[in-house]
Amino acid sequence: MSLDRLTNNVVSRPFAILLVVTGILFTFIGFHVALPPADVINRSFGLLSPNLWISNPLTSLLVNTALELVAIAMLLALNRSYNLMRDGQYLLPALFILMQSALPAIGERFSGGILLMWLMLGATAVLYSVYLRPDLTRRIFLIFALASAGVMIQYGFLIILPVLIIGCAQMRVMSFRTILAIILGLITPIWIVVGAGLISGGLQLPEFKLNFDIFESENITELVTVGFSMLTGIVTGLVNLVSVYARNARTRAFHGLLLVAGIMAGLGCVVDFSNMLFYIPLLNMATAYQVSLYISLHPDKQRSITIIVVSAVYAILFFSNLVV
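Residues numbered from 1 in each chain as written. Predicted model: local features only at pLDDT ≥ 70, side-chain atom pairs only at ≥ 80, totals over all residues. Heavy atoms only, no water.

A. Geometry of the packing of helix α10 (residues 220-245) against helix α12 (residues 276-297). As a packed pair, α10 and α12 sit with axes 8 Å apart at the nearest point and diverge in direction by 40°. Judged on the interaxial angle alone, α12 and α10 are oblique. Helix-helix and strand crossings are classified by hand; for α10 and α12 the assignment is left-handed. Residues Leu223, Val226, Ser229, Met230, Thr232, Gly233, Thr236, Gly237, Val239, Asn240, Ser243 and Val244 of α10 form the contact with α12, whose participating residues are Met276, Ile280, Leu283, Asn284, Thr287, Gln290, Val291, Leu293, Tyr294 and Leu297. Residues of the contact of α10 with α12, tallied by class, amount to 12 nonpolar, 10 polar and no charged. (Axes fitted to C-alpha atoms, helices over the stretch in contact; angles between N-to-C directions. Helix = DSSP H or I, 4+ residues; strand = E, 2+ residues; numbered from the N terminus. Parallel < 35°, antiparallel > 145°, perpendicular 65-115°, else oblique. Left-handed = near helix turned anticlockwise from the far one by under 90°. Contact = heavy atoms within 4.5 Å. Nonpolar A, V, L, I, M, F, W, Y, C, P; charged D, E, K, R; others polar.)

Next up, the structure:
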């Protein structure tokens, strides 16, 4: 097969579908072979954190898989609405599913990290829609209210707050009214929850537990998987930054928002390593976005090799996580 034909095949919709099916297959294989233990730590401010919502392993698997499939639709819709990339539009959700499946602890249990990614995708669409429209403060209020509600159920949602604030600056909507909408959005969920007495005894600090077991030898493949996602995202993100910087302000703002989200997700994994699994879905989405954007911005014959190598590495990491 010629390199031209190979390139056309790997950036096509059928290849993307193949990756999605492979990722789902990996997820169900991992569920039967290496089901990870449940996370029983409550990381909320008085409510139940998402990792405690579903106790049945099979139900948790099915719910998480369904949410990932909906995330695929969200990624495709976001790209179609704002024309973020062309050739990589199908590769983006396909790589995301494959990355999720490579780490059984992420793909097989509902933990709330997928909700963080959902919120980021929804907030991204909202921020894109208010570009140069500082008068649309209700939308700003909405995304910060949802982020604040997220923090109430999992402190890890805190990492999205600086992303959204930077996003407002990137979209050039910062004004006094915008700042007021941000403050009211952050306060409102806390006011409702506490005022309605939904938390018995008032706000409580989440359970913080330093889990150094993650650095033990049997977890080395998990760390390698996360490290590969971070490295891939950093390398492709920096290369994309050079290309995007030469484009117009709108393009820079749109692509820059998801770059910032990926950086914050990576920082969350490093700084809050005991809660690392929560940040990985957002990290995977951001990395898949940067890889797909790289493919779209560099339409050369060699890009097929990049896609095949990245996909093969995640497949190898999946099998490594099963046996180690």
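On we go.
B. Looking closely at the packing of helix α3 (residues 57-82) against helix α6 (residues 113-129). Packing of α3 against α6 leaves a shortest axis separation of 10 Å and a crossing angle of 15°. One way to sum up the angle between α3 and α6 is to call them roughly parallel. Relative to α6, α3 is oriented so that their crossing is left-handed. Residues Asn64, Leu67, Glu68, Val70, Ala71, Met74, Leu75, Leu78 and Tyr82 of α3 pack against Ile114, Met117, Trp118, Leu121, Gly122, Thr124, Ala125, Tyr128 and Ser129 of α6. Residue classes in the contact of α3 with α6 are distributed as 13 nonpolar, four polar and one charged.

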